[in-house]
Amino acid sequence: MCLLGDFNSRTATLKDFHEIEDTDDTQFNDISDINVFSDICILDDMNISRCRKNPDTIVNKYGRKLIEFCKNNNMFILNGRFGKDSIGRMTCKNKSVVDYIICTCNVLENILDFEVQEFCRLFSDVHSPLSLTLSCKNKKHSDLETNNFTPKIGKWKCEKTLDFRDNLDGEMIEKLFFKIQSLHNAKENAQKPEVDEVVFDLCNILLKSAETTFGLTSNKAHRHSKKQWFDLKCLKAKKEFRKSKRLCKKYGSNIFKERLRVSELSYKKTMDNAIVRFNTDFRNKMKNMRTKNPKEFWKLFHGNRQRDISKIPLQTLVDFFKDLNTNKDHSDDFVITNEINSDEQNTCFHVVSYNTFHYIQTFDILKTTYY
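Read on for a plain summary of the structure. As the structure is a prediction and not an experimental result, all values here were calculated from the model.

### Topic: the overall build of the protein
Point 1. What the protein contains, in helices and strands, is 13 helices and nine strands.
Point 2. Residue pairs at least 24 apart in sequence account for 67% of intrachain contacts in the protein once pairs closer than 6 positions are excluded.
Point 3. Looking at the protein as shown, the accessible area adds up to about 29,100 Å², and 54% of this sits on carbon and sulfur atoms.

### Notes on the packing of helix α9 (residues 232-251) against helix α10 (residues 254-292)
Point 1. At a minimum axis distance of 8 Å, the contact between α9 and α10 shows a crossing angle of 160°. Taken together, the axis directions place α9 and α10 in an arrangement best described as roughly antiparallel. Seen along the crossing, α9 lies across α10 with a hand that is left-handed. Across the interface between the two elements, Lys233, Cys234, Ala237, Lys238, Glu240, Phe241, Lys243, Ser244, Lys245, Leu247, Cys248 and Tyr251 of α9 pack against Phe256, Lys257, Arg259, Leu260, Ser263, Glu264, Tyr267, Thr270, Met271 and Ala274 of α10.

### Here we look at the nonpolar core
Point 1. Of all hydrophobic cores here, the largest spans 15 residues; its most connected members are Leu78, Phe82, Leu108 and Ile111.
Point 2. If you list the elements that add at least two residues to this core, you get α2 (40-45), β3 (99-103), α4 (105-108) and β4 (111-116).
Point 3. Each residue touching isoleucine 111, except ones within four places of it in the same chain, is listed here: Leu78, Phe82, Cys103, Leu132, Thr133 and Leu134.
Point 4. One finds Cys120, Phe241, Cys248 and Tyr267 within the second-largest nonpolar core, a separate group that totals ten residues.

### Some remarks on a nonpolar patch on the surface
Point 1. Taken together, the side chains of Ile312, Leu314, Leu317, Val318, Phe320, Phe321 and Leu324 make up a nonpolar region of the molecular surface, amounting to roughly 710 Å² of accessible area.
Point 2. Topologically, leucine 314 is positioned in helix α12 (residues 314-324).

### Description of the sheet that holds β3
Point 1. In spatial order, the strands read β1-β3-β2; together these three strands make up an open sheet with antiparallel pairing. Each having just a single partner strand, β1 (2-6) and β2 (76-77) make up the two edges of the open sheet.
Point 2. Pairing of β1 with β3, which is carried by five bridges, proceeds in the antiparallel orientation. In the strand pairing of β3, leucine 3 is matched with isoleucine 102.
Point 3. Helix-sheet contacts for helix α3 (residues 61-73) involve β1, β2 and β3, and the interaxial angle to β3 is about 15°.

### Observations concerning helix α8 (residues 192-214)
Point 1. The first and last C-alpha atoms of α8 sit 33 Å apart over 23 residues, in line with the 33 Å expected at 1.5 Å per residue.
Point 2. Listing the buried residues of α8 in full gives Val198, Asp201, Ile205, Ser209, Ala210, Thr213 and Phe214.

### Regarding the pairing of β3
Point 1. The buried fraction of β3 is high, at five of five residues.
Point 2. Every second residue of β3 is oriented toward a common face, with Asp99, Ile101 and Cys103 on one face and Tyr100 and Ile102 on the other, all of them buried.
Point 3. Sheet topology note: the β2/β3 ladder contains two bridges and is antiparallel. Directly across from isoleucine 77, in β3, lies its bridge partner isoleucine 102.

### A look at the environment of aspartate 113
Point 1. Summarising the element assignment, aspartate 113 is placed in strand β4.
Point 2. Distance from aspartate 113 to glycine 83, taken between C-alpha atoms, is 4.8 Å for residues 30 residues apart in sequence.
Point 3. When near neighbours in sequence (up to four residues on either side) are disregarded, aspartate 113 contacts Phe82, Gly83, Lys84, Ser131, Leu132 and Thr133.
Point 4. In terms of polar contacts, aspartate 113 uses its side chain to reach the backbone amide nitrogen of lysine 84, at 3.2 Å.

### Here's the deal with the packing of aromatic side chains
Think of a pair of aromatic rings as described by two things: how far the centres are apart, and how the planes are tilted against each other in angle.
Point 1. If you walk through the whole model with that rule in mind, you get nine aromatic pairs.
Point 2. Their ring planes at 55° and their centres at 5.2 Å tell us that tryptophan 156 and phenylalanine 214 sit as a pair that is tilted. Of the two residues, tryptophan 156 is situated in the loop between β6 (151-153) and α6 (161-166) and phenylalanine 214 in helix α8; the sequence distance between them amounts to 58 residues.
Point 3. With relative accessibility at 14%, the residue phenylalanine 214 sits in the buried group.
Point 4. Geometrically, the ring pair formed by phenylalanine 278 and phenylalanine 282 is stacked, given 6.1 Å between the ring centres and 25° between the ring planes.

The rules behind each value
Residues numbered from 1 in each chain as written. Predicted model: local features only at pLDDT ≥ 70, side-chain atom pairs only at ≥ 80, totals over all residues. Heavy atoms only, no water. Helix = DSSP H or I, 4+ residues; strand = E, 2+ residues; numbered from the N terminus. Contact = heavy atoms within 4.5 Å. Areas by Shrake-Rupley, 256 points an atom, 1.4 Å probe, with all protein chains shown as cover. Axes fitted to C-alpha atoms, helices over the stretch in contact; angles between N-to-C directions. Parallel < 35°, antiparallel > 145°, perpendicular 65-115°, else oblique. Left-handed = near helix turned anticlockwise from the far one by under 90°. Core = buried A, V, L, I, M, F, W, Y, C linked by side-chain atoms within 4.5 Å. Buried < 20%, exposed > 50% of the residue type's maximum accessible area, 1.4 Å probe, protein only. Patch = residues over 30% accessible without salt bridge, like charges linked within 9 Å, V, L, I, M, F, W, Y side chains within 5 Å. Salt bridge = Lys/Arg side-chain N within 4 Å of Asp/Glu carboxyl O. Pairing = 2+ DSSP bridges. Expected span 1.5 Å × (residues − 1). Polar contact = N/O pair within 3.5 Å; in protein donor to acceptor, adjacent residues only side chain to side chain. Phe/Tyr/Trp six-rings, centres within 6.5 Å; stacked < 30°, edge-to-face > 60°.

The structure is reproduced here in structure tokens:
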């Protein structure tokens with residue numbers, strides 16, 4: 001289990017695991033090892049420090065509750081003890097640490113890196129983003145085909161040259177060598193299909209080694225933004241922001257940090273203005289279309305929403321209402337019982353028998369009388 005986000009908890013350097021000193025039962029300490037009930041030994045095996053580094057020295061009530069939660073559930077705080085954040089960094093307004101990543105040991109074994117990134121107004125107003133890198137297995141060739149993605153071998157990496165050489169299939173190379181040797185001995189009688197087969201086998205040997213070494217990636221189509229307010233000005237500001245971010249990450253000088261800050265503010269302001277402008281234009285457009293062009297008004301109102309089509313066959317509906325209007329439980333003769341007791345008139349209406357003819361005759365009289 002892994003939890004991350006804003007906990008509003010300030011924990012300083014409180015320990016998030018149980019120690020022997022935490023238990024007051026002396027008999028329990030004599031016969032039991034407290035490490036049996038804690039996973040703290042796994043931190044030692046992974047060369048992760050038990051003590052956390054935290055520049056925030058304040059502890060609040062939510063911080064104590066978070067520490068108690070970690071102790072009771074064998075979970076550990078990554079801030080100040082793992083990855084690039086082993087030195088400990090502020091996460092909120094550069095004044096406090098309230099954003100954490102806590103996880104159990106089985107998840108901790110699959111975490112490659114953890115970092116508290118630089119504050120960015122695009123993600124939050126006061127909180128710094130948390131970056132977590134997990135290790136996962138590459139998708140198989142069949143998995144990529146089921147998703148209608150074209151599998152593609154990863155890019156060449158010079159540091160994996162030796163791995164690429166070791167992954168070459170020795171048996172296939174030996175068989176290929178004998179084929180080439182036989183073709184060389186009978187080069188006068190060599191046919192084009194035989195040469196093509198040798199080239200095909202050579203390509204397979206190289207591609208299989210590359211697939212094993214560099215893995216497969218899916219060649220996904222680029223997804224354009226579906227936000228209607230995202231115009232060319234926003235796209236230009238986005239490119240400038242991403243360029244400044246790359247330069248700041250590469251060089252890290254104060255000049256590029258200032259450039260990143262300016263481009264970040266400009267990008268956010270450009271998007272805010274685009275949203276306001278789009279909403280204003282859309283509202284005015286709807287007002288004009290409501291009276292002048294109702295068809296386009298409702299089309300614009302519903303957007304790309306498609307009308308739901310009933311999947312019930314028409315004949316099924318016809319049969320249903322046909323059976324509904326058919327009186328199966330009664331015959332043509334109806335018996336109506338009206339018994340009314342009146343103290344004033346002492347009149348009693350007894351059972352009267354009517355048939356269909358009487359009803360039709362009565363309705364005709366009512367029609368001629370009132371219509």
